[in-house]
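So the chains spell out like this:
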Amino acid sequence: MIDVAAVELVANLWDSTIGGLWDDTEAFRTQYFDLDLMTDGDRLDPVLKGFWETLQLSALAGFLSLVWGLVLAVLRQLPGKALAPVRGLTIAYIDAFRGVPLILVLLLVSGGMGALAVEGAIPREIGIPRWFGKPDPFWYGIISLTITYGAYMAEVYRAGIEAVPQGQMEAARSLGMSHGQAMREVIVPQAVRKVIPPLLNDFIALMKDTSLVLVIGFTEVVQAGRDIQSEAFNSSMLVVAGILYLLATIPLARLVDWLIARQQQRYTRVGGGGAAEPAPAGAAGTGQAGGPV
Amino acid sequence: MPTESFLRLEGVEKSFGSLRVLRGIDLDVSQGEVVCVLGPSGSGKSTLLRCINLLEPPDGGRIVLEGQQITGGAGRVGIDFVRRRVGIVFQQFNLFPHKSVVENVSLAQETVLGRNGAEARKKAAALLERVGLAEKLDEYPERLSGGQQQRVAIARALAMDPEVMLFDEVTSALDPELIKEVLDAMRELAEEGMTMIVVTHEIGFARDVGDRAVFMDEGVIVEEGPPKQVLDNPQQERTKRFLGLVLDR
């Protein structure tokens, strides 16, 4: 049996909370989802242009970070006592740039390089880069994103390199390959395959972080939306900016899921096929780090 | 039995931390000889092989291959010298999973010996045919049985034209029905005169194919001699106990 008083209580509660909010929906909708404003060509154009800049920043910084991260990861794995300083410096670099905010790097790079160029300490074309018709904040952004995300991606590559069984390096070395040949032909190709999904995740994060370049005066999609917001007292164009981001990032996230699922499938198949995944050698043969392997 | 010393180990020692795995190993191997090394797990057999091709550099003693010392001050020169002459096959095969069978066998020929692609592939195909895998050239390792993978690994090592082959418990990770095909390939190799050091639990193989049997325990060679003598009429208590356990299975 339903208690009438309880029903009334719930109805009152509804009116005073969600129901009340519902009545204010009009103002809310206009603030964030003003379709007239969203479809206003004069206002949409700069946001789309901004998104095009976002895509360029993402693609170029993403590519450079992938390359720079791999270089760092390989430097970190160099063998032997003589190369210990190189390993140490690489670890220090990775620790430093994983540990400070990107926005700080952006300010250090943009303000610092500009000032050094003005003082004549470095050539103007490098200190205030205007390559390929792009303004200097674009290039400061590319440099800062690459410095920072190179460090993140180096860690991802490292995980991949360390996930390749020790026996692979031993097999390559025992065939007479040098450490470099073994890395290039045997270890890195396997490592990269293992870490494509986490690298893509880092790329999604990088794509979102390109928006920080607005603090040094570059108009990408968020800044373009923000310009409209302050002009129209309306946030709908920022919502458009968000939607544009999602149009790029959600497919990427699905791609990551699909790649992971495919990898797992492959694993089970290998496991079931009777082919042994190389295990570490027995107690007597366990490799010691720092050997001539 | 040949007499000329081809590979000589003198007082070879190896420790991992405080664990002394090899406690002074002396061993002379002649050209064309097949030496089978037996012993319980942890006796240092695998480490001995890994010391010979310098995957683990010995801490003490010396190793001389073809009159050239490869340990001590030999450094890089020693590593290059030994890896050009000594092939090794591992318990876990360690094939390159991202390369096809024929690429597994031709990769080091190209990168290390500088053979061109066609030449390397031709040699790889010939070796794979020899180990009975002519049909599998373009398969990937994960599609092969363990016995087939191990035969690819043997072909891969042979492609470098080694003078000595080391076998590290190469049948221990295999299902029983796959062991024979690998042992047959090794037997054929022995008959062709390859110098081999074989760490194995296959008593039958040691008896039939080995020129000499070596029994190791706790990092030392306990007993060695002709296989029939060591295996059928062991002198040492430890050898008897181990063989008793193995043959009782």
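About the thresholds
- Residues numbered from 1 in each chain as written.
- Chains lettered and ligands numbered in written order.
- Predicted model: local features only at pLDDT ≥ 70, side-chain atom pairs only at ≥ 80, totals over all residues.
- Heavy atoms only, no water.
- Salt bridge = Lys/Arg side-chain N within 4 Å of Asp/Glu carboxyl O.
- Helix = DSSP H or I, 4+ residues; strand = E, 2+ residues; numbered from the N terminus.
- Buried < 20%, exposed > 50% of the residue type's maximum accessible area, 1.4 Å probe, protein only.
- Patch = residues over 30% accessible without salt bridge, like charges linked within 9 Å, V, L, I, M, F, W, Y side chains within 5 Å.
- Areas by Shrake-Rupley, 256 points an atom, 1.4 Å probe, with all protein chains shown as cover.
- pLDDT = per-residue confidence, 0-100.
- Contact = heavy atoms within 4.5 Å.
- Pairing = 2+ DSSP bridges.
- Axes fitted to C-alpha atoms, helices over the stretch in contact; angles between N-to-C directions.
- Phe/Tyr/Trp six-rings, centres within 6.5 Å; stacked < 30°, edge-to-face > 60°.
- Expected span 1.5 Å × (residues − 1).
- Polar contact = N/O pair within 3.5 Å; in protein donor to acceptor, adjacent residues only side chain to side chain.
- Parallel < 35°, antiparallel > 145°, perpendicular 65-115°, else oblique.
- Nonpolar A, V, L, I, M, F, W, Y, C, P; charged D, E, K, R; others polar.
- Lys, Arg positive; Asp, Glu negative; His and termini not counted.
- Core = buried A, V, L, I, M, F, W, Y, C linked by side-chain atoms within 4.5 Å.

A few words on the pattern of salt bridges. Side chains that differ in sign of charge can pair as their charged atoms come close. Enumeration according to the criterion identifies 32 salt bridges over all chains in this entry. For lysine 45 of chain B, the salt bridge goes to glutamate 169 of chain B, with nearest N and O atoms at 3.8 Å. One end of the pair, lysine 45 of chain B, is in helix H1 (residues 45-52); the other, glutamate 169 of chain B, is in the loop between strand E7 (164-168) and helix H6 (176-191), and 124 residues separate them in sequence. Salt-bridge contacts for arginine 115 of chain B lead to aspartate 161 of chain B; the nearest nitrogen and oxygen are separated by 2.5 Å. With arginine 115 of chain B in the loop between helix H3 (101-111) and helix H4 (117-130) and aspartate 161 of chain B in the loop between helix H5 (146-158) and E7, this pair connects stretches of sequence that are 46 residues apart. Given a relative accessible area of 17%, arginine 115 of chain B falls into the buried group. Exposure remark for aspartate 161 of chain B: the relative accessible area of 38% places this residue in the partly exposed category. Linked through salt bridges whose partners overlap, the residues forming this network are Arg76, Asp95, Arg98, Glu155, Arg158 and Glu162 of chain A.

On to unusual backbone geometry. Residues and elements named next belong to chain B. Residue asparagine 94 is not a glycine yet carries a positive backbone phi of 55°. For asparagine 94, the position within the fold is in the loop between strand E6 (86-89) and H3. Note on asparagine 94: relative accessible area 4%, which makes it buried. Located in the positive-phi region is glutamate 218, a residue other than glycine, with phi close to 50°.

Looking now at a nonpolar patch on the surface. All names here are of chain A. Taken together, Phe63, Leu64, Leu66, Val67, Trp68 and Val71 make up a surface patch of nonpolar side chains, about 470 Å² in accessible area. Tracing the backbone through its elements, the reader meets phenylalanine 63 in helix H5 (residues 41-76). Looking at phenylalanine 63, the relative accessible area reads 52%, which means it is exposed.

Per-residue confidence for chain A gives a mean pLDDT of 85, with 90% of residues at or over 70. Long-range and interchain partners of residues 270-293 of chain A, a stretch whose pLDDT sits below 50, account for 37 contacts in this model, where long-range means more than four residues apart.

All names here are of chain B. Taken in spatial order, the four strands line up as E2-E1-E4-E5 in an open sheet, and their pairing is antiparallel. Each having just a single partner strand, strand E2 (19-30) and strand E5 (68-69) make up the two edges of the open sheet. Packing against the sheet, H1 makes contact with strand E1 (5-16), E2 and strand E4 (60-65), and its axis sits at approximately 120° to E1.

This paragraph deals with the packing of aromatic side chains. What the rule picks out here adds up to ten aromatic pairs over all chains. Where tyrosine 93 of chain A meets phenylalanine 97 of chain A, the ring centres are 4.8 Å apart and the plane angle is 50°; that geometry is what we call tilted. With a gap of four residues between them, tyrosine 93 of chain A and phenylalanine 97 of chain A both fall in helix H6 (residues 84-99), about one helical turn apart. A residue is classified by how much of its surface remains accessible, and phenylalanine 97 of chain A, at 23% relative accessible area, is partly exposed. With a centroid separation of 5.3 Å and an interplanar angle of 45°, the aromatic rings of phenylalanine 215 of chain B and phenylalanine 242 of chain B are classed as tilted. You can see phenylalanine 215 of chain B sitting in strand E9 (residues 212-217) and its partner phenylalanine 242 of chain B sitting in helix H9 (residues 237-248), a full 27 residues away along the chain.

So, on to helix H1 (residues 4-16) of chain A. The periodicity of an α-helix, 3.6 residues per turn, causes residues three or four positions apart to be oriented the same way. Residue and element names in this part refer to chain A. Taking 1.5 Å of rise per residue, 13 residues should cover 18 Å, and H1 covers 19 Å from first to last C-alpha, within 8% of that figure. In terms of burial, H1 is a largely surface element, zero of the 13 residues being buried. Looking at where H1 begins, the residue whose side-chain oxygen comes 3.0 Å from the main-chain nitrogen of alanine 5 is aspartate 3.

With that out of the way, let us pick up the pairing of strand E10 (residues 220-225) of chain B. Note that E9 of chain B and E10 of chain B share five bridges and pair antiparallel. Residue valine 214 of chain B lies in a different strand from E10 of chain B, and its bridge partner there is glutamate 224 of chain B.

Over its twelve residues, helix H12 (residues 221-232) of chain A extends 17 Å from the first C-alpha to the last, a length consistent with the 16 Å expected when each residue adds 1.5 Å. N-cap assignment for H12 of chain A: the residue whose side-chain oxygen lies 3.0 Å from the backbone N of valine 222 of chain A is glutamate 220 of chain A.

Residue and element names in this part refer to chain B. Along the chain, alanine 134 turns up in the loop between H4 and H5. For alanine 134, a relative accessible area of 35% translates into the label partly exposed. In this structure, the C-alpha to C-alpha distance between alanine 134 and lysine 122, residues twelve residues apart in sequence, is 12 Å. Ignoring any residue separated from it by four or fewer positions in sequence, one finds alanine 134 in contact with Leu128 and Glu129.

Another point: the packing of H5 of chain A against H12 of chain A. Angle between the axes and distance between the axes are the two parameters that describe a pair of packed helices. All names here are of chain A. At a closest axis distance of 6 Å, the pairing of H5 and H12 adopts a crossing angle of 155°. Here H5 is positioned roughly antiparallel relative to H12, judged by the angle of their axes. Between H5, through Arg43, Pro46, Val47, Gly50, Phe51 and Thr54, and H12, the contact on the second element is made entirely by Val221, Ala224, Gly225, Ile228, Glu231 and Ala232. Within the contact of H5 with H12, the residues separate by chemical class into seven nonpolar, three polar and two charged.

Let's shift gears to the sheet that holds strand E8 (residues 195-199) of chain B. All names here are of chain B. The strand order E6-E7-E8-E3-E9-E10 describes an open sheet built from six strands, whose pairing is mixed. Of all strands in the sheet, those bounded by a partner on one side alone are E6 and E10. The mean angle between the axes of side-by-side strands here comes to 20°, regardless of whether they run parallel or antiparallel. Bridge analysis of E6 against E7 gives four bridges, and the strand direction is parallel. Counterpart to valine 89 in the pairing with E7 is phenylalanine 167. Its contacts with the sheet place H6 against strand E3 (34-38), E7 and E8, and it is angled at close to 150° to E8.

Below, the discussion takes up the confidence of the model for chain B. When the pLDDT values of chain B are averaged, the result is 90; 96% of them are 70 or greater. Here the complex is predicted with pTM 0.80, and the ipTM for its interfaces comes to 0.89.

Right, let's talk about the side chain of aspartate 168 of chain B for a bit. Residues and elements named next belong to chain B. Along the chain, the position of aspartate 168 falls in strand E7. There is no salt bridge for the buried aspartate 168, and the closest opposite charge comes from arginine 50, which lies 5.4 Å off by N-O distance. Beyond its immediate sequence surroundings of up to four residues, aspartate 168 is in contact with Ser46, Leu49, Val89, Phe90, Gln91 and Val199.

Below, the discussion takes up the nonpolar core. Across soluble globular proteins, you tend to see nonpolar side chains buried next to one another. Of all hydrophobic cores here, the largest spans 55 residues; its most connected members are Leu7, Leu9, Leu65, Leu166 and Ile197 of chain B. Counting residues per element, this core draws most heavily on helix H11 (residues 179-209) of chain A, at eight residues. Setting aside its immediate chain neighbours within four residues, leucine 7 of chain B contacts Leu27, Asp28, Val29, Ile52, Ile63, Val64, Leu65 and Ile197 of chain B. By size, the runner-up hydrophobic cluster in this structure holds 50 residues, among which are Val101, Val131, Ala159 and Met196 of chain B.

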